[in-house]
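Chain residues, written in single-letter form:
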Amino acid sequence: MYPYIRLAKEYLKFRNAPKLRPGETHVSHHIVWPWDIDPWMELNNGRTLTIFDLGRIPYAARSGLFEVMKREKWGLTVAGTAIRYRKRLTAFTRVEMRTRLMGVDKRFIYIEQSMWSDGECANHATLRTGVIRNRKLVPTEEVARALGPDITLPELPAWAETLFAAENDRPWPPQM
């Protein structure tokens, strides 16, 4: 089940937090609960992606994006994810999650997220996200204008550009 109660807690916790500018990091703290683990007694890989929502959604609110989305009747979508798992997270482990806007291209907004435990990075995800209107992507230039005249969205770092360029070359639909 989706962690709606945890999401509501995070949203309420950060509702009055200072606004974030592009590139600034939203930091939140979480616990790996027993219902988050898999048969190998570690944080389930799918649940990791769900828990990352608990950082992205408050980040979007703090950045002003939610306000704009409500006004413009826009939505959000995830169009791709690249993730690395490097450290096991077991039940009751406390983690610090870091979320930030990493960069944009003409179509997508790239969000970087990581979970840290005992000073070590346990996992790191790069998400290709989009703002949508009528089931189509809103160009990032339009999103930037809607966020305000003083907002400049950073360009995508070269390594992420290369990563997602390779993703663009992947056959679709998959050839099974």
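Everything below is about the structure printed above this text.
Here the structure is a predicted model, which is why all the values come from computation and not from measurement.

Enquirer: Help me out: how do you make sense of the overall build of the protein in this one?
Expert: Helix and strand content of the protein: five helices and six strands. Starting at the N terminus, the α and β elements of the protein follow one another as α-β-α-α-β-β-β-β-β-α-α. For 176 residues, the compact-globule estimate of 2.2 N^0.38 gives 16 Å, and the protein sits close to it at 17 Å. Across the protein, the fraction of contacts at a sequence separation of at least 24, relative to all contacts at a separation of at least 6, is 70%. Summing over all exposed atoms, the protein offers an accessible surface of approximately 10900 Å²; the carbon and sulfur share of this is 55%. Separation between the mean location of the 27 positive side-chain charges and that of the 20 negative ones in the protein comes to 5 Å.

Enquirer: What's the story with the layout of surface pockets in this structure? I'm lost.
Expert: The method is simple in principle: a probe with the dimensions of a water molecule rolls over the atoms, and the space it marks as empty is what remains. Taken as a whole, the largest pocket holds about 390 Å³ of empty space. Lining the largest pocket are 20 residues, with Tyr59, Ala60, Leu65, Leu76 and Ile111 positioned closest to its centre. Elements supplying a minimum of two residues to the lining of the largest pocket: α2 (45-62), β2 (75-85), β4 (109-117) and α4 (140-147). With five residues, the single largest contributor to the lining of the largest pocket is α2. What the second largest pocket holds in volume is close to 180 Å³. Elements that contribute at least two residues to the lining of the second largest pocket include exactly α1 (4-14), α2 and α3 (65-72). No other element matches the three residues that α3 contributes to the lining of the second largest pocket. Per-class residue counts for the lining of the second largest pocket are five nonpolar, one polar and five charged.

Calculation notes
Residues numbered from 1 in each chain as written. Predicted model: local features only at pLDDT ≥ 70, side-chain atom pairs only at ≥ 80, totals over all residues. Heavy atoms only, no water. Helix = DSSP H or I, 4+ residues; strand = E, 2+ residues; numbered from the N terminus. Rg over C-alpha atoms; globule rule 2.2 N^0.38 Å. Contact = heavy atoms within 4.5 Å. Areas by Shrake-Rupley, 256 points an atom, 1.4 Å probe, with all protein chains shown as cover. Lys, Arg positive; Asp, Glu negative; His and termini not counted. Charge placed at Lys NZ, Arg CZ, Asp CG, Glu CD. 1 Å grid on protein atoms, 1.4 Å probe; cavity = no way out; pocket = protein on both sides within 12 Å on 5 of 7 lines; lining within 4 Å. Points joined across faces, edges and corners; volume = space filled by probe spheres on them. Nonpolar A, V, L, I, M, F, W, Y, C, P; charged D, E, K, R; others polar.

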